[in-house]
Structures are given as structure tokens and as C-alpha cells.
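Chain residues, written in single-letter form:
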Amino acid sequence: MKVKKMKCRICGSDKKKILCKICSNMKIMGPFFPNKDSYVVACEECGSVYVDTEANQKSFTDYYASNYSKSLSYFEVFGYEEAQIYYNNIEKRISQYCKKSDCILEIGGGIGELANFLKEKGYQNITVMEPSDRCISLCKEKNINTIKGDGFKISRSLINKFDFIIINHTLEHILDFDKTLKSAREMLKENGHMYIEVPDALKYADTDFVPYWFFTYEHIVHMCLESFDNLAKVFRFKLNEKQSYLKCNSYYVMYAIFEKAEIKAIKPKRIECLQNAVVKYILQCEEKLNPVISKLKGTPIILWGVGTSTAQLLNGKFDQCNVIKLVDSNPYRQNIEYVVAGRKLKIEDPSTIDTNDLIVILPLMYDLSIRKQIISMGLNNNVQSLIENYKK
């Protein structure tokens, strides 16, 4: 295993321990990425866990600005009622630190769903910063102010401009997140506040999802509540509150409210629990996958849904199975090649399915839509989700 030259974005150390291989071909995310291995590693100095990759921030920025990436609608993924509850809870939290007349910026606001929700709640001065033309266009359709950008290079007009900044499930997607936090500090007014929400890595193993779901290629950094303390120390914020909770009755996330303060940067504290939690999750994923693979041995199977959250399953996990085809509806992923059980297979369009062999759906989030597509195509194949054979 070749360790990359990446340094920890928290403490700057290049000393790291490899926890597992995550990727054998990052081109699944598009032509912006190298066809190289990537690993989940732990910083030996501060205990932070991140992805060690030869890709750079431009690779990820170009990806999110392109059609290779798709911003999800929480209303579609979790349903209207759950999404409403989720956004209502965010509004309640930020309302303790933010007036409805305040100038608010959401970095990586996607299609503007949260911004629009807040706008309908009476917050009228909201701006979404996004690198994607598609997201910018959809935000403008909602009459939301926009800034096209990634938050790394900011114009002088944005310095000390905002009372409140939201970074909601965006920070974990940013390779150079240290630059994002430095820019956020510059854009905040004196004593301005910032809301950050990310998945809670300490509780990955408490979530009964498909194996390795939290190791999507898009997730570059894995954090726990103690990580928020280190962010505050290194990037000179006062940490006002932090909490972990179950999001949309689905998986555990955590949020923190930071305040811009005139304080000196402090050396981060070493986090002991984070590496152990991620290793526990890796072992649990193996335990989940083993009985599934055992039941599938010898059965010809078609794997459907090879994307950023599932392609890591092709890194040797199905080598004991008779995988005859890889399919995905996303045309940008088609023709990418993986070696499964010594057989070279290219990702194909679902329309190429011409046998009645078992279809195994890999992605959790798209399970329902894939099943609908299978029905609409008139396929008679038996279908199962990857998680169906697993009983906790």
C-alpha cells in the first residue's frame, strides 16, 4: 500500500495509519479524478480520520460543478414529513443565534432546499454559494440570491459581510476544508455565527445500512463531536454548542454552532475514540457482508447501482461470487471498468440486461427508484437489496 503525500487538514501532520482501502478507481466520479487507489487513514498526531488520495481539490470542485454529481432532494429521499421536521429543527437551532433580518450565507447549498425553507420561514436575506451551474439555476428559480464559487477564493466584497453561515452536510465533502473554514471566518461579521452539520463517525456502527455506506467516495473527512472542539481551536472559533442526533430516523449526524471570536489558534487535542469507532465500523461491515456473499456464491448476479457510495464494494468484496454484469443508469459512469473475480466488467446501461438472473441493488438511497425502473422496463428478474440477507 502506497501512502499518499496528503497532510492532515487539522494539525498538518503527514504521519498516518492506513485503516482500509476505499477505492481502486476514482474515475467512477468522472474524468477529473486519477485512476488510483485511495485509503481511509488516521492521523497519528491528532487522531483525525480522512481519505488519503492523489486527487486534489480541483478534482472535487470540478466534479460538483459538473453533471457527474447530483444534489439530492431531502423531500425525495426522506419524504415530505421527515424533511419538514429536519429543516424545522435546523431553523429552531439557528434562530437562537440569528435574526430573520440577518444576512445569511449557505456554503454548498445544493438546489436551495434549506435556503428556500428558511426563506418561507421569514429569513429574507439568504444567499447560496455553489460551484454548480445547475444548482445556481435551481436556486434562482426559487428567487434565492446566489454566488457561484467554492468558498476558497473570496472577493473583498464578501469580507465581514454575513451575520450567519450555514455549512450543512458539505464540509465532509471538501478536501481542503481548512480553506473553507478560513474563508468562512473572513466572511463572517464580528461575533457572527456558523452552523456546521456532518455525519457522526462515532455512531457509524450503530446504523443498519448497507456495508460501507458511510465510505462514499464523496466523503473525505470523518468526524466526531470532539472534532468540533479541534475545529474551534485551530480555526479560531468559540464553540457555543454541539450535539449528536438521529437524522430523519435514518442515521446519526451532529451539529455545532461556532462564533467568530478574536482568539489565538490553539494546538488540537488528540482524539483517541475516532479511529477506534471507524475500525469498529469497518469490522462490522465485513460481518454484514460475509453472510450475504455466502448466500450469493455460485448464483449468477447482476449488480445494479455502481456509484460513489457503492463502488468500494467492488474492491474484492464480490470476488467469490458469479457477477455477470454491472449496471448503472448514470451515463457518466458507464464504460468504467472494474475487475471482479478476475473478470473485467464494464458498467453498462440497464437496458443491456438480457437474462433473468438475480439483480442485487447496491445503493440504499436509490433502492425504491431502481425497483420502479425495473418494473417499468418489464424485467422479470428476482430482485433484492444488498442488506436483505443480513440479520443483526
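Above this note sits the structure.
All figures in this text were calculated on a predicted structure; none of them were measured in a lab. (Residues numbered from 1 in each chain as written. Predicted model: local features only at pLDDT ≥ 70, side-chain atom pairs only at ≥ 80, totals over all residues. Heavy atoms only, no water.)

Asks: How should I be thinking about the overall build of the chain in this particular structure?
Replies: A count of helices and strands for the chain gives nine helices and 17 strands. Over its C-alpha trace the chain gives a radius of gyration of 21 Å, about what one expects of a compact globule, namely 21 Å for 392 residues. With the principal axes as the frame, the chain shows a C-alpha extent of 65 × 45 × 40 Å. A buried classification covers 57% of the 392 residues belonging to the chain. Considering only contacts in the chain between residues 6 or more positions apart, those separated by 24 or more positions represent 68%. Side-chain charges in the chain split into 55 positive and 47 negative, and the spacing between the mean points of these groups amounts to 4 Å. (Helix = DSSP H or I, 4+ residues; strand = E, 2+ residues; numbered from the N terminus. Rg over C-alpha atoms; globule rule 2.2 N^0.38 Å. Buried < 20%, exposed > 50% of the residue type's maximum accessible area, 1.4 Å probe, protein only. Contact = heavy atoms within 4.5 Å. Lys, Arg positive; Asp, Glu negative; His and termini not counted. Charge placed at Lys NZ, Arg CZ, Asp CG, Glu CD.)

Asks: Would you mind going over the packing of aromatic side chains with me for this structure?
Replies: What describes a pair of aromatic rings is the distance from one ring centre to the other and the angle between the planes of the rings. Taken as a whole, this structure holds 28 aromatic pairs when the rule is applied. With a centroid separation of 5.5 Å and an interplanar angle of 75°, the aromatic rings of Tyr74 and Phe78 are classed as edge-to-face. Of the two residues, Tyr74 and Phe78 both sit in helix 2 (residues 74-78), four residues apart, roughly one turn of that helix. By relative accessible area, Tyr74 is classed as buried at 16%. Taking 5.4 Å as the distance between ring centres and 25° as the angle between the ring planes, the aromatic pair formed by Phe75 and Tyr80 counts as stacked. Look at Tyr80 and you get exposed, because its relative accessible area is 57%. Counting every residue linked through ring pairs, the aromatic cluster contains Tyr204, Phe209, Tyr212, Trp213, Phe214, Phe215, Tyr251 and Tyr281. Geometry around Tyr245 places Arg93 over its ring, the cationic atom sitting 4.3 Å from the centre. Between Arg185 and the ring centre of Phe237, over which it is positioned, the NZ or CZ distance is 6.0 Å. (Phe/Tyr/Trp six-rings, centres within 6.5 Å; stacked < 30°, edge-to-face > 60°. Lys NZ or Arg CZ within 6 Å of the ring centre and 35° of its normal.)

Asks: How should I be thinking about the nonpolar core in this particular structure?
Replies: General note: in soluble globular proteins, nonpolar side chains tend to be found buried as a group. Of all hydrophobic cores here, the largest spans 125 residues; its most connected members are Ile165, Met194, Leu231, Phe318 and Tyr338. Ile302, Trp304, Ile359 and Ile374 belong to the second largest nonpolar core, which has nine residues in total. (Core = buried A, V, L, I, M, F, W, Y, C linked by side-chain atoms within 4.5 Å.)

Asks: Please clarify how empty space enclosed by the protein should be interpreted in this entry.
Replies: Gaps between atoms show up when a probe of the same size as a water molecule is rolled over them. Inspection of the entire model under this criterion finds two cavities of 30 Å³ or more. The computed volume of the largest cavity comes to approximately 130 Å³. Secondary-structure elements contributing two or more residues to the lining of the largest cavity are strand 3 (49-52), strand 9 (221-222) and helix 7 (225-235). A total of three residues in the lining of the largest cavity trace back to one element, the largest contributor, which is helix 7. In this structure, the second largest cavity encloses a volume near 40 Å³. Around the second largest cavity, the lining residues are Ile22, Met26, Ser38, Val51, Thr53, Phe60, Tyr217 and Ile220. For the lining of the second largest cavity, the per-class residue count stands at six nonpolar, two polar and no charged. (1 Å grid on protein atoms, 1.4 Å probe; cavity = no way out; pocket = protein on both sides within 12 Å on 5 of 7 lines; lining within 4 Å. Points joined across faces, edges and corners; volume = space filled by probe spheres on them. Nonpolar A, V, L, I, M, F, W, Y, C, P; charged D, E, K, R; others polar.)

Asks: Before we go on, may I ask you to explain unusual backbone geometry in this structure?
Replies: Most peptide bonds are trans, and most residues other than glycine sit at a negative phi. A positive phi angle, near 60°, is found at Asn143, a position not held by glycine. Assignment of secondary structure puts Asn143 in the loop between helix 5 (133-141) and strand 6 (145-148). Classification of Asn143 as exposed rests on a relative accessible area of 64%. Of note in this structure, Asn160 is not a glycine but carries a positive phi near 55°. Relative to the helices and strands, Asn160 is located in the loop between strand 6 and strand 7 (162-168).

Asks: Explain the sheet that holds strand 10 (residues 237-247) to me, please; I cannot follow it from the model alone.
Replies: Think of a sheet as strands paired side by side through backbone hydrogen bonds, with each pair either parallel or antiparallel. On the basis of which strands lie adjacent, the open sheet formed by seven strands has the order 6-5-4-7-8-11-10 and mixed pairing. Edge positions in the sheet fall to strand 6 and strand 10, since each has one partner strand and no second. The average angle at which neighbouring strand axes cross in this sheet is 20°, direction not considered. Here seven bridges tie strand 8 (residues 188-199) to strand 11 (residues 251-260), and the two strands are oriented antiparallel to one another. Residue pairing across strands places His193 opposite Glu259, the latter belonging to strand 11. Against the sheet, helix 4 (residues 113-120) contacts strand 4 (104-107), strand 5 (126-130) and strand 7, and its axis sits at roughly 180° relative to strand 5. Sheet contacts for helix 7: strand 8, strand 10 and strand 11; angle to strand 10, the most-contacted strand, approximately 160°. (Pairing = 2+ DSSP bridges. Axes fitted to C-alpha atoms, helices over the stretch in contact; angles between N-to-C directions.)

Asks: Which parts of the structure should I look at to understand the pattern of salt bridges?
Replies: Oppositely charged side chains are able to pair whenever their charged atoms sit close together. Counting across every chain of the model gives 19 salt bridges. Across the salt bridge formed by Lys58 and Asp62, the nearest N and O atoms sit 2.7 Å from each other. Of this pair, Lys58 and Asp62 both sit in helix 1 (residues 57-64), four residues apart, which is roughly one turn of that helix. Asp62 sits in the partly exposed class, given a relative accessible area of 26%. Residues Lys242 and Asp229 are paired through a salt bridge, measuring 2.5 Å at the closest nitrogen-oxygen approach. One end of the pair, Lys242, is in strand 10; the other, Asp229, is in helix 7, with 13 residues separating them in the sequence. Its relative accessible area of 35% is what places Lys242 among the partly exposed residues. One salt-bridge network, in which partners are shared between bridges, spans Arg9, Asp176, Asp178 and Lys179. (Salt bridge = Lys/Arg side-chain N within 4 Å of Asp/Glu carboxyl O.)

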